[in-house]
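# Geometric and topological summary
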Amino acid sequence: MVTLSGTGLKIAIIASSFNDFITKKLHVGALEALREVGTKDEDIHTYWVPGSFEIPLALSEAAEGKFDAAVCLGVVIRGETPHFNYVSGEAARGISEISMKKQFPVGFGVITADTTDQAIDRAGGKRGNKGREAALAAIEMTSVVKKIRADR
Ligand code: INI
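Here is a short report on the structure shown in this document. (Residues numbered from 1 in each chain as written. Predicted model: local features only at pLDDT ≥ 70, side-chain atom pairs only at ≥ 80, totals over all residues. Heavy atoms only, no water.)

Relative to each other, helix α1 (residues 20-36) and helix α5 (residues 130-151) sit at 40°, their axes nearing to 6 Å. The orientation of α1 relative to α5 falls into the category oblique. By crossing handedness, the relation of α1 to α5 is classed as right-handed. Between α1, through Leu26, Gly29, Ala30, Ala33, Leu34 and Glu36, and α5, the contact on the second element is made entirely by Lys130, Gly131, Arg132, Ala135, Leu136 and Ile139. (Axes fitted to C-alpha atoms, helices over the stretch in contact; angles between N-to-C directions. Helix = DSSP H or I, 4+ residues; strand = E, 2+ residues; numbered from the N terminus. Parallel < 35°, antiparallel > 145°, perpendicular 65-115°, else oblique. Left-handed = near helix turned anticlockwise from the far one by under 90°. Contact = heavy atoms within 4.5 Å.)

The structure is reproduced here in C-alpha cells:
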C-alpha cells in the first residue's frame, strides 16, 4: 500500500451533466477526497461535459497539459436508454484507452446501474461514493506510476 498524498498535484475532474442530480454528488465526493489528501482547491479543475459518451474527448485534452491525473465522473442508467451498452461501453473503453495510450493516471468514477436508486446508493448513499473512490484511485496511481518509473 502506498500513502496517499495529493500535495502539489494538479487534478482534472471530467464530469457528465447527464443525470447531474447524481453526478453532482460524485463531484462533491471527489472534491472532499482530494482536499483530504492535500490537493489545493486552485489545483483542481472541473470540466462538465454533456454526457458520459463525451468524457473520453475531454479526458484526452486534459491528458495533454499540466495535469498529473484525472477523475472521470458519470452515471449511466440501464432503464433510461436502449443505448445503455453503447454509452457505458464507449465511456469505459475510451477512458481506459486514453489512460494507457497517454500513460496518464485516471480514476474511473462512471457508475453503471440498472436503476436510479442503485446509482444514488453509489453516490454517497449506502454503497459509498464512487466519486471519492475514483479520486483516491487517481491519486494513488500517480504515486504507483512514479515509483515504477523510478525503479525500472
Ligand atoms: N449519458 C449519460 O451519461 N448517462 C446516461 O444514462 C445516458 N442515457 O441514458 O442516454 C447518457 N446519454 C447521453 C450521451 O452520453 C451523450 O451525451 C449523447 O448521446 C450526445 O452525444
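Read on, since the account is not over.
As a further point, take the packing of helix α2 (residues 55-62) against helix α3 (residues 84-101). Describing two packed helices takes the angle between their axes plus the distance from one axis to the other. In contact at an axis separation of 8 Å, α2 and α3 are set at 15° when each is read in the N-to-C sense. In this view, α2 runs roughly parallel relative to α3, as classed from their interaxial angle. Of the two elements, α2 crosses α3, and the hand of that crossing is right-handed. Judged by residue contacts, Ile55, Pro56, Leu59 and Ser60 of α2 engage Glu90, Ala91, Gly94, Ile95 and Ile98 from α3. Per-class residue counts for the contact of α2 with α3 are six nonpolar, two polar and one charged. (Nonpolar A, V, L, I, M, F, W, Y, C, P; charged D, E, K, R; others polar.)

Quick look at the packing of aromatic side chains now. Remark: the centre distance and the inter-plane angle together describe each pair of aromatic rings, the angle taken between the planes. This model, assessed by the stated rule, comprises one aromatic pair. Relative to Phe67, the ring of Tyr47 lies with its centre 6.2 Å away and its plane at 75°, an arrangement referred to as edge-to-face. Of this pair, Tyr47 sits in strand β2 (residues 44-49) while Phe67 sits in the loop between α2 and β3 (69-77), placing them 20 residues apart in sequence. You can call Tyr47 partly exposed: its relative accessible area is 35%. By relative accessible area, which is 12% here, Phe67 ends up buried. (Phe/Tyr/Trp six-rings, centres within 6.5 Å; stacked < 30°, edge-to-face > 60°. Buried < 20%, exposed > 50% of the residue type's maximum accessible area, 1.4 Å probe, protein only.)

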